[in-house]
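# Coordinates in review
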Amino acid sequence: VLILLCVFSFSGYAQKITKLYKYYNSQEYVKCIEMCNTALKKKPEMLEAYYIKAIAYYEMAQSPADYKEFAKNPLLDCLSNLSILTSKDTERGILDQHADTLDIIKSYSENRANRIKTSSISEAQAIYQKLGSIFQTKSDALEFARAEALAGRYDKCYSKVEKLYNNAPEEISSSNENYTALTQGALLLAENWMFSDLFSLIETYKTKFAGNYGISEGFKKALLKSIDTARTDENKTLFYEFSIKGLELYP
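Definitions and cut-offs
- Residues numbered from 1 in each chain as written.
- Predicted model: local features only at pLDDT ≥ 70, side-chain atom pairs only at ≥ 80, totals over all residues.
- Heavy atoms only, no water.
- Helix = DSSP H or I, 4+ residues; strand = E, 2+ residues; numbered from the N terminus.
- Buried < 20%, exposed > 50% of the residue type's maximum accessible area, 1.4 Å probe, protein only.
- Lys, Arg positive; Asp, Glu negative; His and termini not counted.
- Salt bridge = Lys/Arg side-chain N within 4 Å of Asp/Glu carboxyl O.
- Polar contact = N/O pair within 3.5 Å; in protein donor to acceptor, adjacent residues only side chain to side chain.
- Contact = heavy atoms within 4.5 Å.
- pLDDT = per-residue confidence, 0-100.

We now examine unusual backbone geometry. Despite not being glycine, Gln27 shows a phi value in the positive range, around 65°. Mapping Gln27 onto the fold places it in the loop between α1 (2-25) and α2 (29-42). The exposure class of Gln27 is exposed, given its relative accessible area of 57%. Unlike most non-glycine residues, Trp193 shows phi in positive territory, near 60°. Tracing the sequence through the fold places Trp193 in the loop between α10 (179-191) and α11 (195-205). Take Trp193: its relative accessible area is 62%, and that puts it in the exposed class.

Here is the structure:
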């Protein structure tokens, strides 16, 4: 009897999944998602329904204007469902089964995030965060600071860089995920001519990271970069001022 119950249960599960795919394959994406929601409400363990929902949202993301009354941002909805699936599919059975499709979604999402990271930084950041939870990837800690600088939002750029140094532990090793960014953050300011912010950053965090060679050298390199940049200017006022500031910070 128990075996028969298992057979019938599996058969019913397979039929429901087949029905969901039928809506997807016939391009009835709204109906597909609605039926997935109904199925998950009745059977939360039907994990493949999350995957089917995700790919239906992904198809919507190809022409979002056609579905604007149903989904505000179908790509984020797609990634949200994949993120839920990742947390539930601990043995990655469904995820591995559909690895090729997931790679396509990942590539599309990364391209989308790269295109909008200066015009819509909050959406780009949300995409990167969700991709990180799905694929266990890490994005460059300075990526969004660079995007802010490219967009001319220098105050926000500095805020992100400063936050990085403020949150980092004093005794940090090169194995830390943000270590490379900490060695390059000051240089990012110098490269974008954010010299007063650079000097403020060094003054604030020079002592904190005095015992760390990589970060300290990053500060010095950025300072020399600012002096060298000012040296090329016809008016030598800034060159003089930056040199004096450099001598104060590193006698």
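We now examine the side chain of Glu48. Along the chain, the position of Glu48 falls in helix α3 (residues 48-61). Buried Glu48, no salt bridge; nearest opposite-charge side chain is Lys16, N-O distance 14 Å. Within the structure, Glu48 has its side chain in polar contact with the side chain of His98 (distance 3.4 Å). If sequence neighbours within four positions are ignored, Glu48 has contacts with Tyr13, Ile17, Tyr21, Ile94 and His98.

This brings us to the confidence of the model for the chain. One rule of thumb: low pLDDT means the predicted coordinates there are not for detailed reading. Summarising the model, the chain shows a mean pLDDT of 92, and 94% of its residues fall at 70 or more. Confidence scores differ between elements of the chain, with α1 showing the lowest mean pLDDT of 73 and α3 the highest of 98. Predicted confidence is poor over residues 4-10, with pLDDT under 50, and the contacts of this stretch with residues over four places away or in other chains come to 0 contacts.

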